[in-house]
Amino acid sequence: MSTDTTPPEDLTPDAAERELERLAQEIRRHDELYYTHSAPELSDAEYDALRRRNEAIEARFPKLKRADSPSERVGAPPASSFAKVRHSRPMLSLGNALNDDDLAEFEGRVRRFLNLGEDEPVVLYGEPKIDGLSATVHYHGGAFVLGATRGDGETGEDVTENLRTLRDLPHTLSGPDVPERLEVRGEVYIGRADFAALNREREADGEEAFVNPRNTASGGLRQIDPTLTAKRRLRFFAHGWGEASEPVGERQGDVLARLAAWGFKLAPLARHCTGLDAARALHREIEDARPGLDFEIDGVVFKVDRLDWQQRLGAAGRAPRWAIAYKFPAEQAETVLHRISISVGRTGALTPVAELEPVYVGGVTVSRATLHNEDEIARKDIRAGDTVVVQRAGDVIPQVVRVIEERRPAESEPFVPPAACPECGSHAVREEGEAVRRCTGGLICPAQALERLRHFVARDAFDIEGLGAKQIEAFYAEGRVKSPADIFDLEEKDGTEEFSKLAELEGWGETSAANLFRAIEARRRISLDRFIHALGIRHVGQTTARLLARRYGTVEEWRAAMEAAAAPEGESPEALTDIDGIGPVVARAIVEFVAEARNDAILDALCQRLDIEPFEAPSTAQSPVAGKRVVFTGKLVRMTRQEAKARAEALGAQVAGSVSRSTDYVVAGEDAGSKLKRAGELGVTVLSEEQWLAVAAGEAPPPAAEPGGEQASDDGG
């Protein structure tokens with residue numbers, strides 16, 4: 001991972017665009033390692049730093065925010081080895097606070113969003129942040145019937161039988177007023193004493209000890225055999241809820257008290273905090289108690305106590321606006337950096353990596369750490385042979401904080417960035433304004449070609465069972481698969497003069513080869529959004545792919561629109577920026593992809609081999625404004641514009657930032673300006689705030705637009 005350490009306020013727009021792209025790719029990779037494979041490569045502190053930098057750059061350059069921004073995404077897709085469970089309500093992640101000022105800013109955002117007066121108290125409910133695995137459990141008639149992991153926040157893994165083995169998860173709820181249907185959310189963890197005992201048993205049996213409690217809990221819950229899960233001695237703390245057949249309370253703390261009465265275990269030390277001073281005091285109290293607790297924690301979670309306020313606040317991207325995790329400081333240790341190696345990423349980025357003498361820090365043994373980029377190495381003057389201070393705040397690979405110069409070997413030399421790619425030998429260059437050094441080899445570089453193919457068959461793309469990274473690498477080396485279209489010719493070319501029979505190769509057989517061909521055949525039919533995402537277009541992740549698929553519907557319409565936008569006499573990328581969530585940077589990347597003849601040839605080849613299904617957007621509970629394009633302008637009275645946009649999106653509307661012929665409604669508040677004028681010019685229906693609320697609630701039809709509507713003073717919208 002190579003990071004531009006330039007402060008966001010000093011970045012140029014081009015540099016910011018490149019950095020946001022890098023951050024999106026890097027965070028996506030680490031999400032999958034953490035959530036799907038229980039094998040993180042970053043410490044919590046380093047991972048949080050990536051997200052905070054991404055958010056800071058987005059705040060500095062809001063127009064450059066990517067549709068697949070990490071701030072709009074949580075978790076990673078569920079593993080294919082488990083049945084999938086669609087969550088009734090998304091299981092979101094939490095924003096982080098690292099100091100008292102961050103906590104105060106969180107409370108300030110709550111006040112601003114809700115338009116609260118200074119004398120209105122904001123009561124927070126604080127509880128220890130358990131370092132485990134998020135899970136949800138469902139009860140019908142008081143009986144436990146279903147359990148799932150968080151997954152990507154929308155869809156998780158069915159781990160019902162594994163959860164039944166947890167010693168403190170109730171199988172049947174008892175007590176007063178248990179709802180007929182209830183979904184409870186919480187954290188699966190392993191106690192410190194149980195973790196130590198488990199490792200003693202493993203060592204006595206000649207097995208390798210587990211690295212840390214969090215990964216042990218995560219891996220244990222996702223065992224195929226529930227008897228193996230039972231051996232991990234996992235536990236469950238409830239901290240929230242999802243779907244319920246009836247209201248369960250009016251305040252966060254009160255609902256948790258009811259959960260405890262029904263049989264759930266709650267984390268200790270939790271309490272209400274009225275005011276920031278009380279919240280800070282609780283954070284210090286829990287941090288002081290941390291060493292004596294029998295479970296790992298890495299901070300304190302604060303939630304707005306009033307549930308009606310939580311509902312109004314809603315969520316912003318991947319995180320609720322009504323909760324925040326106030327993290328504890330990172331732990332540190334000293335070790336020796338033996339050498340600096342270079343890894344090559346899918347985009348050709350050359351990332352320096354510290355190869356460390358294994359060191360135990362905060363309950364984890366680590367041996368590698370990212371060094372970000374050559375500027376970071378130069379700034380800290382990191383050299384091979386140095387004794388360095390590393391820190392972590394929760395998982396495996398830490399960051400190098402500083403060098404202990406007085407212990408530096410006399411023969412040490414400064415790090416020299418590579419002039420050539422270690423994978424293909426192509427020239428490695430660093431463009432002006434970039435912190436990243438990149439291989440110029442492009443498609444001839446094995447690292448990049450393989451990564452492009454891996455992305456194509458990844459779980460959130462084509463997801464071809466039996467065709468993972470290992471198989472792709474072997475097929476690429478043999479020449480069977482050089483481009484995505486070759487995958488769908490594997491069976492046709494199998495056993496020809498060009499390639500020997502797959503079943504005869506080492507590691508394969510008649511059954512495994514036949515299974516692979518069947519899996520490939522099954523993926524000849526794919527939805528348009530997954531197809532677009534699989535192409536690996538720069539800046540285009542799952543979210544942007546869905547936006548494109550929703551707008552154009554079919555692959556033919558999408559390709560025609562992209563070709564028209566790319567043509568010199570065409571509509572230009574502006575046709576794409578009219579799609580809410582796609583800015584000029586993303587639009588330019590898409591147009592450039594289609595304009596490239598080799599990419600067009602790949603699209604032709606794939607379209608000839610595949611049945612690409614038209615996109616069907618999910619329904620939104622019969623909302624009268626679902627699918628409508630809405631633009632808000634001017635000052636609203638009943639709610640802030642931020643809250644109005646959030647409500648509209650929750651109803652399935654598409655909120656846009658500019659008015660075009662495809663806009664359905666313009667909601668005009670006080671002092672509306674250029675957007676109202678533009679709506680009048682285009683004959684777009686203009687609604688007052690009260691009219692919009694009535695239309696959105698299904699209480700009134702929208703009035704007809706009046707061409708040449710009233711023009712107000714231009715305040716920029």
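Draft legend 1. Geometry of the packing of helix 3 (residues 100-114) against helix 9 (residues 276-289). It is at 11 Å that the axes of helix 3 and helix 9 come closest, and there the two elements cross at 135°. When the axes of helix 3 and helix 9 are compared, the pair comes out oblique. The handedness of the crossing between helix 3 and helix 9 comes out as right-handed. Within the contact between the two elements, helix 3 uses Asp100, Leu103, Ala104 and Glu107 and helix 9 uses Leu276, Ala279 and Arg280.

Draft legend 2. Broad picture of unusual backbone geometry. One non-glycine residue, Asp177, adopts positive backbone phi at about 60°. Looking at the element boundaries, Asp177 is found in the loop between helix 4 (160-163) and strand 7 (181-190). Of note, the phi angle at Asp381 is positive, near 50°, even though the residue is not glycine. Assignment of secondary structure puts Asp381 in the loop between helix 11 (374-380) and strand 17 (387-392). For Asp381, a relative accessible area of 24% puts it in the partly exposed group.

Draft legend 3. The sheet that holds strand 10 (residues 297-304), seen in detail. In spatial order, the strands read 2-13-10-3-9; together these 5 strands make up an open sheet with mixed pairing. Only two strands of the sheet have a single neighbouring strand rather than two, namely strand 2 (95-97) and strand 9 (271-274). Adjacent strand axes in the sheet meet at a mean angle of 35°, parallel and antiparallel pairs treated alike. Sheet analysis places strand 10 next to strand 13 (residues 323-327), joined by 5 bridges and oriented antiparallel. From the neighbouring strand, Gly299 faces strand 13, where its bridge partner is Lys327. Across the sheet, helix 3 is in contact with strand 2, strand 3 (123-130), strand 10 and strand 13; its angle to strand 13 comes to roughly 175°. Sheet strands in contact with helix 9 are strand 3, strand 9, strand 10 and strand 13, and its direction is about 140° off that of strand 9.

Draft legend 4. Up close: the nonpolar core. The biggest cluster of nonpolar side chains holds 58 residues, and the ones touching the most others in it are Phe462, Ile464, Ile487, Phe531, Leu548, Trp558 and Leu576. Per element, the largest residue contribution to this core is 6 residues, and it comes from helix 21 (residues 584-595). Residues contacting Leu548, with those up to four places away along its chain left out, are Ile532, Gly553, Trp558, Leu576, Ile579, Ile582 and Ile590. Listed in part, the 32 residues of the second largest apolar core include Val137, Leu198, Ala217 and Leu256.

Draft legend 5. Main features of the pattern of salt bridges. By the definition in use, this model includes 49 salt bridges. Salt-bridge contacts for Glu296 lead to Arg192; the nearest nitrogen and oxygen are separated by 3.5 Å. Taken as a pair, Glu296 in the loop between helix 9 and strand 10 and Arg192 in helix 5 (residues 192-204) lie far apart in primary sequence, 104 residues in all. Overall, the relative accessible area of 24% leaves Arg192 in the partly exposed class. With its nearest N and O atoms 3.4 Å apart, the salt bridge here joins Arg251 to Asp305. Of this pair, Arg251 sits in the loop between strand 8 (234-244) and helix 8 (252-261) while Asp305 sits in the loop between strand 10 and helix 10 (307-313); the two residues are 54 residues apart in sequence, bridging distant segments of the chain. On the basis of relative accessible area, Arg251 is assigned to the partly exposed category, the value being 32%. Each of Arg167, Asp168, Asp194 and Arg235 takes part in salt bridges that share partners, so that together they form one network.

Draft legend 6. Local environment of the confidence of the model for the protein chain. Mean pLDDT over the protein chain: 84, with 89% of residues reaching 70 or higher. Of all secondary-structure elements in the protein chain, the lowest mean pLDDT belongs to helix 20 (residues 574-577), at 69, while strand 3 reaches the highest, 97. pLDDT under 50 marks residues 707-717. Its contacts with residues more than four places away, or in other chains, come to 22 contacts.

Draft legend 7. Main features of the environment of Leu114. Relative to the helices and strands, Leu114 resides in helix 3. Spatially, the C-alpha atoms of Leu114 and Thr640 are 7.7 Å apart, while their sequence positions differ by 526 residues. Aside from chain neighbours lying at most four places away, what touches Leu114 is Trp309, Arg312 and Leu313.

Draft legend 8. A look at the packing of aromatic side chains. A complete count under the given rule lists 11 aromatic pairs for this structure. Relative to Phe295, the ring of Phe237 has its centre 5.1 Å away and its plane inclined at 75°; by these criteria the two rings are edge-to-face. With a gap of 58 residues between them, Phe237 in strand 8 and Phe295 in the loop between helix 9 and strand 10 connect regions that are remote in the sequence. Classification of Phe295 as buried rests on a relative accessible area of 6%. Through a chain of ring-to-ring contacts, three or more aromatic side chains come together here, namely Tyr139, Phe144 and Phe264. A cation sits over an aromatic face here: Arg60 above Phe61, 4.7 Å from the ring centre. Between Lys482 and the ring centre of Tyr476, over which it is positioned, the NZ or CZ distance is 3.8 Å.

Thresholds, definitions, all that
Residues numbered from 1 in each chain as written. Predicted model: local features only at pLDDT ≥ 70, side-chain atom pairs only at ≥ 80, totals over all residues. Heavy atoms only, no water. Axes fitted to C-alpha atoms, helices over the stretch in contact; angles between N-to-C directions. Helix = DSSP H or I, 4+ residues; strand = E, 2+ residues; numbered from the N terminus. Parallel < 35°, antiparallel > 145°, perpendicular 65-115°, else oblique. Left-handed = near helix turned anticlockwise from the far one by under 90°. Contact = heavy atoms within 4.5 Å. Buried < 20%, exposed > 50% of the residue type's maximum accessible area, 1.4 Å probe, protein only. Pairing = 2+ DSSP bridges. Core = buried A, V, L, I, M, F, W, Y, C linked by side-chain atoms within 4.5 Å. Salt bridge = Lys/Arg side-chain N within 4 Å of Asp/Glu carboxyl O. pLDDT = per-residue confidence, 0-100. Phe/Tyr/Trp six-rings, centres within 6.5 Å; stacked < 30°, edge-to-face > 60°. Lys NZ or Arg CZ within 6 Å of the ring centre and 35° of its normal.

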